[in-house]
Amino acid sequence: GESVGLHLPTLSVQEGDNSIINCAYSNSASDYFIWYKQESGKGPQFIIDIRSNMDKRQGQRVTVLLNKTVKHLSLQIAATQPGDSAVYFCAENIQAGNMLTFGGGTRLMVKP
Amino acid sequence: DTAVSQTPKYLVTQMGNDKSIKCEQNLGHDTMYWYKQDSKKFLKIMFSYNNKELIINETVPNRFSPKSPDKAHLNLHINSLELGDSAVYFCASSATKLAGANEQFFGPGTRLTVL
């Protein structure tokens, strides 16, 4: 079936470097995408979202890029900090009732 | 103030028991959800519910049932618990917008362990 997935299960970066977390999706009908951050023992926390009529959206230190041609989503974190260490999930809305389908998650580890 | 809260945070119980997890949101949202996260961190939607409709992920066993006493609460009832039900369960909520799907706010999770 169609699903959301991630290329890298673990990403290790040096503090201060930029991080890029990738996500591939296969459902061309998806019209809304979200990135969530989940710290240990906590629930997912919203980072940034993007609708399918856009290809880029920026937040504070984060940028989401959407390439509908190749069905690819990425999260860029500028000047990565130790507090960014967490598991990051992409999610897409492909079902009725605003239900999200999540990718498998990428663990980001920031080395001081 | 906590936006989405769940109780209990931890729940340990025996196989075959019936248990409930409570969820409350004070965001004024009209749609609430339940997700299951397994030991590999995979998050899977179980239910979507607002005052108009309940949408059930077809893979969810009918031992699981959401119950909403009012707009701010969506409790999860689980009958005849099985070992495979052990997971972290997350409640979430969102506001319905005309523009379509939108951000969901998650609770802190309930870790269920079935012995």
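As a reminder, the structure under discussion sits directly above these lines.
Okay, so let's go over this structure.

## Concerning the sheet that holds strand β7 (residues 64-67) of chain B
Residue and element names in this part refer to chain B.
In step 1: Across the sheet, which stays open at both edges, the 4 strands sit in the order β1-β3-β8-β7 with antiparallel pairing between neighbours. Where the open sheet ends on each side, the last strands, each with one partner, are β1 (4-7) and β7. Geometrically, the sheet is characterised by an average inter-axis angle of 20 degrees between neighbouring strands, direction not taken into account.

## Quick word on the interface of chain A and chain B
In step 1: Counting from both sides, the interface comprises 22 residues of chain A and, opposite them, 23 residues of chain B.
In step 2: There are 0 salt bridges connecting chain A and chain B.
In step 3: One can count 3 residue pairs in polar contact (both at pLDDT 80 or more) joining chain A with chain B.
In step 4: Breaking the side of chain A that touches chain B down by element, the ones donating at least two residues are β4 (32-38), β5 (45-51), β9 (86-93) and β10 (100-102) of chain A.
In step 5: Tallying contributions element by element places β4(A) first for the side of chain A that touches chain B, with 4 residues.
In step 6: Here the side of chain A that touches chain B is built from residues that sort into 10 nonpolar, 9 polar and 3 charged.

## Here we look at the state of the cysteines
In step 1: Applying the stated criterion across every chain, the model contains 2 disulfides over all chains.
In step 2: Covalent S-S linkage joins A:Cys23 and A:Cys90, the inter-sulfur distance amounting to 1.9 Å. One quick way to see it: the torsion about the S-S bond of A:Cys23 and A:Cys90 is about 50 degrees, and its sign makes the bridge right-handed. Of this pair, A:Cys23 sits in strand β3 (residues 19-25) while A:Cys90 sits in strand β9; the two residues are 67 residues apart in sequence, bridging distant segments of the chain. For the pair formed by A:Cys23 and A:Cys90, the shared burial category is buried.
In step 3: Between the sulfur atoms of B:Cys23 and its disulfide mate B:Cys91 the distance is 1.9 Å. Judged by the sign of its S-S torsion, about -75 degrees, the cystine formed by B:Cys23 and B:Cys91 is left-handed. One end of the pair, B:Cys23, is in strand β3 (residues 19-25); the other, B:Cys91, is in strand β9 (residues 87-94), and 68 residues separate them in sequence. Take B:Cys23 and B:Cys91: they sit in the same class, and that class is buried.

About the thresholds
- Residues numbered from 1 in each chain as written.
- Chains lettered and ligands numbered in written order.
- Predicted model: local features only at pLDDT ≥ 70, side-chain atom pairs only at ≥ 80, totals over all residues.
- Heavy atoms only, no water.
- Pairing = 2+ DSSP bridges.
- Helix = DSSP H or I, 4+ residues; strand = E, 2+ residues; numbered from the N terminus.
- Axes fitted to C-alpha atoms, helices over the stretch in contact; angles between N-to-C directions.
- Contact = heavy atoms within 4.5 Å.
- Salt bridge = Lys/Arg side-chain N within 4 Å of Asp/Glu carboxyl O.
- Polar contact = N/O pair within 3.5 Å; in protein donor to acceptor, adjacent residues only side chain to side chain.
- Nonpolar A, V, L, I, M, F, W, Y, C, P; charged D, E, K, R; others polar.
- Disulfide = S-S within 2.5 Å.
- Buried < 20%, exposed > 50% of the residue type's maximum accessible area, 1.4 Å probe, protein only.

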